[in-house]
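Here are the chains, one letter per residue:
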Amino acid sequence: RGTLTVGDLAKLLHKDASEVIKKLLFLGVMATINQEIDMDAIMLIAGEYGVEVEVKIPVEEDAFETFEETDEAEDLMVRPPVVTIMGHVDHGKTTLLDAIRKTNVTGGEAGGITQHIGAYQVEINGKKITFLDTPGHEAFTMMRARGAQVTDITIIVVAADDGIMPQTVEAINHAKAAGVPIIVAVNKIDKPEANADKIKQEMTEYELVPEEWGGDTIFVEVSAKQRINLEGLLEMILLVAEVNEFKANPNKRARGTVIEAELDKGKGPVARILVQHGTLKIGDAFVAGNCFGRVRAMVNDRGRRLKEAGPSTPIEITGLTEVPQAGDPFLVFEDERKARAIAERRAIKQRQSDMGANTRVTLDDLFNHI
Ligand code: GTP
Ligand code: MG
C-alpha cells in the first residue's frame, strides 16, 4: 500500500499543490505540501479530478506456481491408484462405486443425482484403491474436469442399454486430455436390452478399441446393481496400477487438491482433500487456495479419526479459517505465519485478477470492490 506526498500527487495530477490541499481540507484531511497521504486519500483526490488511478500491488512469486516435485527415485514409494469414475448421468457410477464399497451412498443422495465428488478408499486383497465419484449431470462439467486432473486411471461407465451419450464423450475427452489410462465399464448388462457389443462398436469411433478386437482398451462388462463381475473390474484396475507403478514420496510435507469444501454449522469450514504427495499430519499449517489453516482434525471416508494421511488418501479436515474451492491446490508450509502470508498474497492476486485483466480502475470500481 503506497503513499505519496501532497506535492507529488499534485504534480502527477498537473494541479497546483494549494488546490490539492484545499480539496483535502474539504474532505476533512489537514495536510501540508510535504505530508505523505495514503492510498485512500490519493484515490479520493484523483476521483475528484475524474482521474483513473492504476493500482498495482506488487505480488511475489506464488509458492504454488514455483513449486516443483523434486524427489530422488529412492524416496518414491508405490501408492494406491486414484481412480475416477466418469460417465453419463444415470449410467450407474454411484451404484457401481457403492457396490464396490458395499455401502449405500445412493440412498442418501438428494434425488439420487451425485452433486459433488465423493472420495473413497477401498482395500482389495491388501491393496488399496482410491475412488473419486463424479457427477454425470451436464451442469457439473467443471467438477468432472477437476476429477480428471487428480486421477491416475479413469473408468468410463456406459450403460449397455443406453449407449454413448454426450457426457460419455465428454468424459472420454477429459481422460484423453489428462493422458490417463482408460478402462471402459459396460454397466447394466443384467438388463434384457443390454448390448455390450454395440457399446464396444460405438467406442471404436472414439479410438477406444477393445483388446479382443486388437485394440488396447480394457473393457469390463458389469452390473453394478446385480453385483456381476465387480471382481473383474477391480482386478483390471489393480493390473493397470501395477503396470503404471504410481508412486509418491510419503516422507515430506503434504501437497494435494481440494475435492470439495463447505461451511459446516458445527465444525466450521471443512474440506475434503486428496493428499497426493507427502504425508499430512495433525497440526500441519497449510494453504488451500486463498485460505490457510492448521489441521485440527482429520477423518477418513469412513469417519475414522486419523493422525496422519499419506499419498492417495482422501480425508476430511477441519481447522481452516475460510472455505476453499473445489479444485484448489493444497500445500503444507513450515509454519502458520508463512501459510498465512502466502494465502493473503494469493487472495490479493485473485482480487486483482477479479478486478479485470488490466488493473486500471475508476474510483467507482474501487468502492464496489472494497
Ligand atoms: P449421476 O450421479 O446422476 O450421474 O448418476 P450415476 O451414474 O451415479 O447413476 P446411479 O448410480 O445413481 O444409477 C442410476 C440408476 O441406474 C439407478 O436407478 C440405479 O439403480 C440404476 N442402475 C445402476 N447400475 C445398474 C445396473 O447394473 N443394472 C440396472 N438394471 N440398473 C442399474
Ligand atoms: Mg452418481
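Residues numbered from 1 in each chain as written. Chains lettered and ligands numbered in written order. Predicted model: local features only at pLDDT ≥ 70, side-chain atom pairs only at ≥ 80, totals over all residues. Heavy atoms only, no water.

Looking at an unreviewed UniProt entry, one finds the protein chain named Translation initiation factor IF-2 and attributed to Paenibacillus nanensis.

Notes on the overall build of the protein chain
To be explicit about the condition: Strands here mean DSSP runs of E at least two residues long; helices mean DSSP runs of H or I at least four residues long; both are numbered from the N terminus. Note on exposure labels: buried denotes an accessible area under 20% of the residue type's maximum, exposed denotes more than 50%, and partly exposed covers the range between, all computed with a 1.4 Å probe on protein chains only. In this analysis, two residues are considered to be in contact whenever any of their non-hydrogen atoms come within 4.5 Å of each other. Each accessible area value is a Shrake-Rupley result obtained with a 1.4 Å probe; residue values ignore everything except the protein chains displayed when judging cover.
When helices and strands are tallied, the protein chain shows ten helices and 20 strands. Expressed as a percentage of the 370 residues in the protein chain, the buried residues total 47%. In the protein chain, the share of contacts with a sequence separation of at least 24, taken over all contacts with a separation of at least 6, comes to 71%. For the protein chain, the exposed area adds up to about 19100 Å²; of that, 48% sits on carbon and sulfur atoms.

Brief notes about the pairing of strand β7 (residues 127-133)
For the record, the criterion: Strand pairing is assigned whenever DSSP identifies at least 2 bridges connecting the two strands.
Most of β7 sits inside the fold, with five of its seven residues counted as buried. Relative to β7, strand β5 (residues 82-87) is paired through four bridges, and the arrangement is parallel. Among the inter-strand pairings, Val82 is bridged to a residue of β7, identified as Thr130. As judged from the seven bridges shared by strand β6 (residues 118-124) and β7, these two strands associate in the antiparallel manner. Counterpart to Gln121 in the pairing with β7 is Thr130. Connecting the antiparallel pair β6 and β7 is a turn made up of two residues, with Asn125 showing a positive phi of about 50°.

Things to note about the sheet that holds strand β13 (residues 268-277)
Our working rule: An axis is simply a line fitted to the C-alpha atoms; with a helix, the fit covers only the stretch in contact. Between two such axes, the angle follows the N-to-C directions and lies from 0 to 180 degrees.
The antiparallel closed barrel is built from six strands, whose spatial order is β12-β13-β18-β16-β15-β19. Between one strand axis and the next, the sheet turns by 45° as a mean value, whatever way the strands run. Note: strand β16 (residues 291-299) against strand β18 (residues 314-320), four bridges, orientation antiparallel. Pairing of Gly293 across the sheet is with Leu320, part of β18. Lying over the sheet, helix α9 (residues 336-354) contacts β15 (285-288), β16 and β19 (329-333), oriented at roughly 10° with respect to β15.

A look at the nonpolar core
Soluble globular proteins tend to bury their nonpolar side chains together. Heads up, the rule is: Only buried residues count toward a nonpolar core. Its members are Ala, Val, Leu, Ile, Met, Phe, Trp, Tyr and Cys residues joined through side-chain atoms within 4.5 Å.
In this structure, Leu96, Ile129, Phe131, Ile183, Leu233 and Ile237 are the most contacted members of the largest nonpolar core, which totals 28 residues. Of all elements in the fold, only β5, α4 (93-101), β6, β7, β8 (153-159), β9 (182-187), β10 (218-221) and α8 (230-244) reach the threshold of two or more residues within this core. Beyond its immediate sequence surroundings of up to four residues, Phe131 is in contact with Val83, Ile85, Leu97, Ile100, Gly118, Ala119, Tyr120, Val122, Leu234 and Ile237. Counting 18 residues, the second largest nonpolar core, distinct from the first, contains Val295, Leu306, Ile317 and Val332.

Looking at helix α3 (residues 39-48)
Rules: N or O atoms within 3.5 Å of each other form a polar contact, as long as, within protein, one can give a hydrogen and the other can take it, and as long as residues adjacent in sequence are counted only when both atoms are side-chain atoms.
Of all the residues in α3, the buried ones are Met39, Ala41, Ile42, Met43, Ile45 and Ala46. By the N-cap criterion, in which a side-chain oxygen at the helix start approaches the backbone nitrogen of a residue two or three places on, α3 is capped by Asp38, the distance to Ala41 being 3.1 Å. Downstream of α3 by a residue or two, Gly50 has a phi angle that is positive, lying close to 65°.

A word on the pairing of β18
Buried residues dominate β18, accounting for seven of its seven residues. Judged from the five bridges that link them, β13 and β18 form a sheet pairing that is antiparallel. Within the sheet, the bridge partner assigned to Leu274 lies in β18 and is Pro314.

Things to note about the side chain of Thr313
With respect to the helices and strands, Thr313 occurs in the loop between β17 (308-309) and β18. Among all residues touching Thr313, those that are not within four sequence positions of it are Gln121, Ile273, Leu274 and Val275.

Details of the packing of α4 against α8
The condition that has to hold: By definition in this entry, angles of less than 35 degrees are roughly parallel, angles greater than 145 are roughly antiparallel, angles of 65 to 115 are roughly perpendicular, and the rest are oblique. Each residue gets one label: Ala, Val, Leu, Ile, Met, Phe, Trp, Tyr, Cys and Pro are nonpolar, Asp, Glu, Lys and Arg are charged, and the others, such as Gly, are polar.
At a closest axis distance of 11 Å, the pairing of α4 and α8 adopts a crossing angle of 90°. Here α8 runs roughly perpendicular to α4, going by the angle between their axes. Residues Leu96, Ala99 and Ile100 of α4 pack against Leu230, Leu233 and Leu234 of α8. Among the residues making up the contact of α4 with α8, the classes are represented as six nonpolar, no polar and no charged.

Side note on the environment of Leu280
Position of Leu280 among the secondary structure elements: in strand β14 (residues 280-281). Residues Leu280 and Asn251, 29 residues apart in the sequence, show an inter-C-alpha distance of 9.8 Å. The contact partners of Leu280, leaving out residues within four places of it in the chain, are Ala254, Ile273, Val275, Val295, Met298, Lys307, Glu308, Ala309, Ile315, Ile317, Phe330 and Val332.

Here's the deal with the environment of Glu170
Considering the arrangement of structural elements, one finds Glu170 in helix α6 (residues 166-178). Taking the C-alpha atoms as reference points, Glu170 and Met86, separated by 84 residues in sequence, lie 9.2 Å from one another.

Let's talk about the packing of helix α2 (residues 17-26) against α3
With their axes 11 Å apart at the nearest point, α2 and α3 run at an angle of 110° to one another. Relative to α3, α2 is oriented roughly perpendicular. Judged by residue contacts, Val20, Lys23 and Leu24 of α2 engage Ala41, Ile45 and Glu48 from α3. Across the contact of α2 with α3, the residue classes break down as four nonpolar, no polar and two charged.

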